[in-house]
Amino acid sequence: MSQRVAILISGGGSNMVRLLEDMAQPGHAAHPVLVLANDPDAGGLAKAAAQGVATKVIDHRDFKGDRAGFEAAIDKELRDSDVDIVCLAGFMRILGAEFVKGWDGRMLNIHPSLLPKYKGLNTHQRALDAGDTEHGCSVHLVTPELDDGPILGQAKVAIKQGDTAQDLAARVLKQEHQLYPKVLREFAASLKAE
Ligand code: GAR
């Protein structure tokens, strides 16, 4: 059976688009069933709808700081859609331990750094400030600790003299668009084979 994938986004969703494009290829072990955003203005929602994928908004602001309530609403949506794999793709809310444990071994995230370096935000500027010569992105399984789970794949870019954080972000994003589909493809195939 093809694995049922939900993608959680907060913004433009360029990684989401790449995942959808790759899942549309013949022989993929997964297919998208839902794109869920925590922000009604997330640009990725229209892109998902244009691909014929169901979309849903659960706006964290409606929960007025009740994170457990927000996460329970997301969880219900995922369960109702009978989701097998959750992909976080630029989803910018921190998820609590209870929610994360409910998707243990089935939730992936892409993070714009070579983890374990630079967990959290502003990864590109932090790599520059540290004088690093290389940077990149990681796809990992999500565990309760932020940006900490087992790494499933990484891609590197060289940091060049004079690079700004914006230059780096653009170069890393290109790599993200290659890495995330590749890792999801392998991950879905491995679950299917179980
Ligand atoms: C990507 O660079 C992703 O790695 C990052 O947000 C961007 C989303 O872009 N995620 C994080 O920083 C998660 N902590 P996209 O919406 O175009 O895919």
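Just so we're clear, the structure is a prediction, and the values are computed from it rather than from any experiment.

Strands sit in the order S3-S2-S1-S4-S5-S6-S7 across an open sheet of seven strands; the sheet is mixed. Looking along the sheet, the strands with just one partner apiece sit at the ends: strand S3 (55-57) and strand S7 (151-158). Across the sheet, the mean angle from the axis of one strand to that of its neighbour is 20°, orientation sign disregarded. Packed on one face of the sheet, helix H3 (residues 67-80) meets strand S1 (3-9), strand S2 (30-37), S3 and strand S4 (85-88) and runs near 155° to S2. Strands S1, S2, S4, strand S5 (107-111), strand S6 (134-141) and S7 of the sheet are contacted by helix H6 (residues 165-192), whose axis makes an angle of about 160° with S7.

It is worth spelling out the site of the ligand at this point. Around the ligand, the neighbouring residues are Gly12, Gly13, Ser14, Asn15, Gly90, Met92, Ile110, His111, Pro112, Leu173 and Glu176. Between the ligand and Gly13 there is a distance of 2.9 Å, counted from an oxygen atom to a backbone nitrogen or oxygen. When residues of the shell around the ligand are traced back to their parent elements, those giving at least two are helix H1 (14-23), S5 and H6. Residue composition of the shell around the ligand, grouped by class: four nonpolar, six polar and one charged.

Another aspect to go through is H3. Taking 1.5 Å of rise per residue, 14 residues should cover 20 Å, and H3 covers 20 Å from first to last C-alpha, within 8% of that figure. Turning to H3, its buried residues are Gly69, Phe70, Glu71, Ile74, Glu77 and Leu78. Where the residues of H3 are buried, they touch S1, S2, S3, S4 and helix H4 (97-102). Positioned one or two residues after H3, Asp82 has a phi angle of 55°, which is positive.

Let us now look at the pairing of S1. S1 sits mainly inside the fold: six of its seven residues count as buried. Judged from the seven bridges that link them, S1 and S2 form a sheet pairing that is parallel. Bridged to Ile7 within S2 is Val35. Read from S1 through H1 to S2, the crossover connection turns out right-handed. As judged from the four bridges shared by S1 and S4, these two strands associate in the parallel manner. In the sheet register, Ile7 faces S4, and the bridge partner there is Cys87.

Of note, His124 is situated in helix H5 (residues 123-129). With a relative accessible area of 14%, His124 lands in the buried category.

Turning next to the nonpolar core. If you look at the biggest cluster of nonpolar residues, it comprises 37 residues, and the most contacted ones within it are Ile7, Ile9, Met23, Ile85, Cys87, Leu108 and Tyr180. Among the elements that take part in this core, H6 stands out by supplying nine residues, more than any other. Excluding anything up to four places from it in sequence, Cys87 contacts Val5, Ala6, Ile7, Leu8, Leu19, Leu108, Tyr180 and Leu184. Grouped together as the second largest cluster of nonpolar side chains are 19 residues, Leu34, Phe70, Leu78 and Phe99 included.

Before going further, it helps to spend a moment on the pattern of salt bridges. Summed over the entire model, instances satisfying the criterion amount to 13 salt bridges. Residues Arg67 and Glu71 are paired through a salt bridge, measuring 3.4 Å at the closest nitrogen-oxygen approach. You can see Arg67 and its partner Glu71 sitting in helix H3, four residues apart, about one turn around the helix. Residue classification places Glu71 among the buried residues on the basis of a relative accessible area of 7%. Here Glu186 and Lys182 are joined by a salt bridge, their closest N and O atoms 3.9 Å apart. Here Glu186 and its partner Lys182 are both found in helix H6, four residues apart, which amounts to about one turn of the helix. Given the relative accessible area of 47%, Lys182 is considered partly exposed. If you follow the salt bridges from partner to partner, you end up with Asp39, Asp59 and Arg61 in one network.

Reading the values: rules and limits
Residues numbered from 1 in each chain as written. Predicted model: local features only at pLDDT ≥ 70, side-chain atom pairs only at ≥ 80, totals over all residues. Heavy atoms only, no water. Pairing = 2+ DSSP bridges. Helix = DSSP H or I, 4+ residues; strand = E, 2+ residues; numbered from the N terminus. Axes fitted to C-alpha atoms, helices over the stretch in contact; angles between N-to-C directions. Contact = heavy atoms within 4.5 Å. Near = heavy atom within 4 Å. Polar contact = N/O pair within 3.5 Å; in protein donor to acceptor, adjacent residues only side chain to side chain. Nonpolar A, V, L, I, M, F, W, Y, C, P; charged D, E, K, R; others polar. Expected span 1.5 Å × (residues − 1). Buried < 20%, exposed > 50% of the residue type's maximum accessible area, 1.4 Å probe, protein only. Right-handed = clockwise from strand over helix to strand, strands pointing away. Core = buried A, V, L, I, M, F, W, Y, C linked by side-chain atoms within 4.5 Å. Salt bridge = Lys/Arg side-chain N within 4 Å of Asp/Glu carboxyl O.

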